[in-house]
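Summary of the model geometry
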Amino acid sequence: MQWSSVSRTTRPEFLFLSPLGLVISLLALSVCLSWLTGFEKLTYLVSGHNSMKFNTAVSILLTGLILFHSRFIHPDIIWIRALAAVVGCIGLATVFEYLFVINLGIDTLVVSDDGVGLHFGPPGRMSLGSALSFSLMGIGSFFMYSNRRVLRVAAAWSFICTSAIAVIALVGYLYDFPPFYNLGVTGATAIHTAILCLVLSVALCFNLTEIGWLSFLQAKTLGGVLARKFAPTFLFIILLFGILYQHLPHVTFLSAQWFQPVLAVLFLLALVLLFSFVIRYADRIDNQRLAAEQKLKETQHLLELEIEEKTSYLKDQTDRLHENRELFEAAFFMSPSGMAIADWQTGQIVQFNEEFSRLLGYLPEEISGKTMVELSAMSSDYRSQLRDEFGKNGFFSLKEISFTNKHGARVYGLLSSRLIEINKKPQVLNILHDITARKKIETDLLKAKQEAEHAREQAEKLSIQAEEASKAKERFMANMSHEIRTPMNAIIGFTNLIDYKTLSDKNAEYLRYIKSSGENLLGLISDILDYSKIAAGMMHLEHIPFNLRLTLQSIEQMFKPSTKEKQLELVFAIDESVPSLVLGDPTRLSQILINLIGNAFKFTTRGKIEVHIGGEQKDLNAFQLSISVRDTGVGIPADKLDQIFERFVQASSETTRNYGGSGLGLSIVRSLVEA
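So, a few notes on the structure that sits alongside this text. (Residues numbered from 1 in each chain as written. Predicted model: local features only at pLDDT ≥ 70, side-chain atom pairs only at ≥ 80, totals over all residues. Heavy atoms only, no water.)

Observations regarding the overall build of the chain
The cut-off we apply is this: For the purposes of this entry, the term helix denotes a DSSP run of H or I that reaches at least four residues, the term strand denotes a run of E that reaches at least two, and both are numbered from the N terminus. To sort residues, take the accessible area from a 1.4 Å probe on protein chains only and compare it with the maximum for the residue type: under 20% means buried, over 50% means exposed, and anything in between is partly exposed. By definition in these notes, contact holds between two residues if any of their heavy atoms fall within 4.5 Å.
A tally of regular secondary structure across the chain gives 20 helices and 10 strands. Burial statistics for the chain: of 675 residues in total, 34% are counted as buried. Of the contacts made within the chain by residues no fewer than 6 positions apart, 61% connect residues no fewer than 24 positions apart.

In structure tokens, the structure reads:
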């Protein structure tokens, strides 16, 4: 693994340690600057106690940088080991000075010190405890990334020993016991030095979580569980009683003679209480362990029963397998479909039944050990094609194939194949169902279908011809109706020119009959002409603006003579919501209304005829008209309502005789409305 460059992405676990190292380095740097500027207040945490020396601050600064860089995903090992070597050398050199009572001059290399508070050694020298701490942290930091486990274990113990030295010094300050932070006659370790060394040693241990006290704290053993549960409480008790020891003598009523024994008794009681909690918690864990063991025994018993059941099941399955083999052989040889087992590699037929032999037309001894190519049943190319397709899919399911039997006849079949293993050799099980007869029927059906398709095409041609003939007939009817209507209009016009006063009553009556019959015949011809136009597709609708109310008024004026003649009341009711100006075909709308109102006049002898025009707004530009015509005439039977809109159909056989008409009016109305 390459460690030559540092990744700027920090490790995902314990993200706070890298900024912690940076903060510690900045604190140590501030102490160094205070020494260089002569502002010594930052070198003391508590007034009257020993200060943090310049070399100590430098060592803490470098160790903080080690902690900062060690939390990267790919830390620069060379850079970390270089810093560790410097820290270790400073510590070991100071220890060497203490042991051999010499002065190497490293203490006053940068700054000088009055040596206040020192009992042994020259001014500016760090305490022996600090020197040992930096020696151990330098060694541990140098070896914590080693590939050898023994060196990583040594690094972990170096950090643990550093933590122990710092804790002893802090306990000495807490309980006012100088030998703990003086280490005999050497200089005292400063309070903030002990605190920072403790924080740094603990933080560096997080690089070796699989070794040392961190691995113990993470363990799932009873010791690890108890340590995680009660170690914080134990540390809290020590800290609490240290604070009480420092501050209660100034506020308590106890004398100095009784204060320390009482505090010691309280401390012992707290330890006893903590120990009782530890015992109870351990007992609870042990009960859980016993319950787990009992459950494990029950589970083991259930597993034994399950194994016994599985063994019995396997025995039953083995017996059933033998039975299935016998059933398979019986089904194989007695199957109505041809069945054969062939070698996957060579294609040689190993085993087959009587139906397979019949399909090929060979005797059993002629088939055994031969391939389909050797039996001339199929070509080698066709067999290779089938083999490739089978190898790609791994099976055949009702695949249609064909081959030639011994007599040269073509045989068609549906082939289903699966790859099986017999005596650890790959074999292919083939099931062939004969569909030769069905294939012949399919061929005959295909031929019949082709003939039917040809007949259908001929019928379509005849239908098209018939449709064209029908359109020609409709056009002929339209032309003939137009030609007949011209002389009829002339006949009716001439009857209007004759003066009835110069005729006798008999001749006047005959003339009225001629005019009435002519008008009826003209109406019939007009209806036939309109219907012929519609049927022939010659009816074209206009889309022009017109005034709806004026159109309705003109229709009302048209029927005034009929209203007077038959003494009927014609009422037009128009809703206010109906617009006056619309776009549409006024001629066809008038034709619809004239047909409907004319029908009403034809079948009404008394009463009134009511025309209602309403509708609804569909959108901004569309209004749907709703027109209804109601009269007080003879009415239409309910069973005839579905028929009266058909052409040449009237309500009864007496309608034409009594009222006249052709039965085309309502049919034309429906066609116009649909258009």
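Structure shown, so let's carry the discussion forward.
Focus on the nonpolar core
As a reminder, the rule being used: As used in this record, nonpolar core signifies buried Ala, Val, Leu, Ile, Met, Phe, Trp, Tyr and Cys residues forming a set joined through side-chain atoms within 4.5 Å.
Counting 42 residues, the largest nonpolar core has Ile60, Ile66, Phe134, Met137, Met144, Phe159 and Leu204 as its most contacted members. Among the secondary structure elements, those contributing two or more residues to this core are α1 (17–37), α2 (54–70), α3 (77–100), α4 (128–143), α5 (149–174) and α7 (191–205). Residues contacting Ile66, with those up to four places away along its chain left out, are Ile80, Leu83, Ala84, Ser141, Met144 and Leu204. Residues Ile349, Ile367, Leu375 and Met378 belong to the second largest nonpolar core, which totals 22 residues.

Some points on α7
For an α-helix, 3.6 residues make a turn, and residues three or four places apart therefore share a direction. Counted only if it meets this: One fewer than the residue count of a helix, multiplied by 1.5 Å, yields its expected span.
Along its 15 residues, α7 runs 22 Å from first to last C-alpha, staying within 8% of the 21 Å computed at 1.5 Å per residue. Within α7, 11 of the 15 residues are buried, which leaves it mostly tucked inside the rest of the structure. Within the span of α7, buried status applies to Ile191, His192, Thr193, Ala194, Leu196, Cys197, Leu200, Ser201, Ala203, Leu204 and Cys205.

Some words on a nonpolar patch on the surface
Here is the rule: To count toward a patch, a residue needs a relative accessible area above 30% and no salt bridge. Like charges then connect within 9 Å, nonpolar side chains (Val, Leu, Ile, Met, Phe, Trp, Tyr) within 5 Å. Only the protein chains shown count as covering a residue, and every accessible area follows the Shrake-Rupley method with a 1.4 Å probe. When a carboxyl oxygen of Asp or Glu lies within 4 Å of a side-chain nitrogen of Lys or Arg, that pair is called a salt bridge.
Taken together, the side chains of Leu22, Leu26, Leu29, Leu33, Leu36, Leu109 and Val110 define a hydrophobic patch exposed on the protein surface, amounting to about 660 Å² of accessible area. Assessed through its relative accessible area of 66%, Leu109 is described here as exposed.

Topic: the sheet that holds strand β5 (residues 425–434)
The strands making up a sheet associate through backbone hydrogen bonding, with each pair oriented either parallel or antiparallel. Condition: The pairing criterion for strands is at least two bridges between them, as found by DSSP. Every axis corresponds to a line fitted to the C-alpha atoms, with the helix fit spanning only the stretch in contact, and the corresponding angles, defined between N-to-C directions, vary from 0 to 180 degrees.
Here we have 5 strands laid out as an open sheet, ordered β2-β1-β5-β4-β3, and antiparallel in their pairing. For this open sheet the edge positions go to β2 (349–352) and β3 (395–404), each flanked by a neighbour on one side alone. When strand polarity is set aside, the average angle formed by the axes of neighbouring strands in this sheet is 30 degrees. One ladder, built from 8 bridges, connects β3 with strand β4 (residues 410–422); its direction is antiparallel. Paired with Phe395 across the strands is Arg418, a residue of β4. Helix α13 (residues 380–393) contacts β3, β4 and β5 of the sheet and is inclined by roughly 175 degrees relative to β3.

Overview of empty space enclosed by the protein
Short version of the rule: A pocket, in this scheme, is an open set of points on a 1 Å grid over the protein atoms alone with protein on both sides within 12 Å along at least 5 of 7 lines, while a cavity is a set where a 1.4 Å probe fits but cannot get out; residues line either one if an atom lies within 4 Å of a point. Grid points are joined across faces, edges and corners, and a volume is the space filled by probe spheres set on the points. For this scheme, ten residues count as nonpolar: Ala, Val, Leu, Ile, Met, Phe, Trp, Tyr, Cys and Pro. Four count as charged, namely Asp, Glu, Lys and Arg, and the remainder, Gly too, count as polar.
One pass over the structure, following the stated rule, counts 3 cavities of 30 Å³ or more. By volume, the largest cavity amounts to about 450 Å³. If you go around the largest cavity, you meet 23 residues; those closest to its centre are Ala342, Met372, Arg383, Leu415 and Asn430. Looking at the lining of the largest cavity, the elements with two or more residues in it are β1 (338–343), α13, β3, β4 and β5. Residues of the lining of the largest cavity, tallied by class, amount to 15 nonpolar, 5 polar and 3 charged. Here the second largest cavity defines a volume of roughly 50 Å³.

A look at the sheet that holds strand β9 (residues 608–619)
The strand order β7-β9-β10 describes an open sheet built from 3 strands, whose pairing is mixed. The two strands at the open ends of the sheet, each matched to only one other strand, are β7 (569–574) and β10 (622–631). Recorded for the sheet is a direction-independent mean angle of 15 degrees between the axes of neighbouring strands. Pairing analysis gives 10 bridges linking β9 to β10, with the strands arranged antiparallel. Bridge pairing in β10 links Glu610 to Arg630. Across the face of the sheet, helix α16 (residues 548–558) comes into contact with β7, β9 and β10 while running at roughly 175 degrees to β7. Where helix α18 (residues 586–603) meets the sheet, it contacts β7, β9 and β10, and its direction lies at approximately 15 degrees from that of β10.

All we've got here are geometric facts, nothing functional implied.
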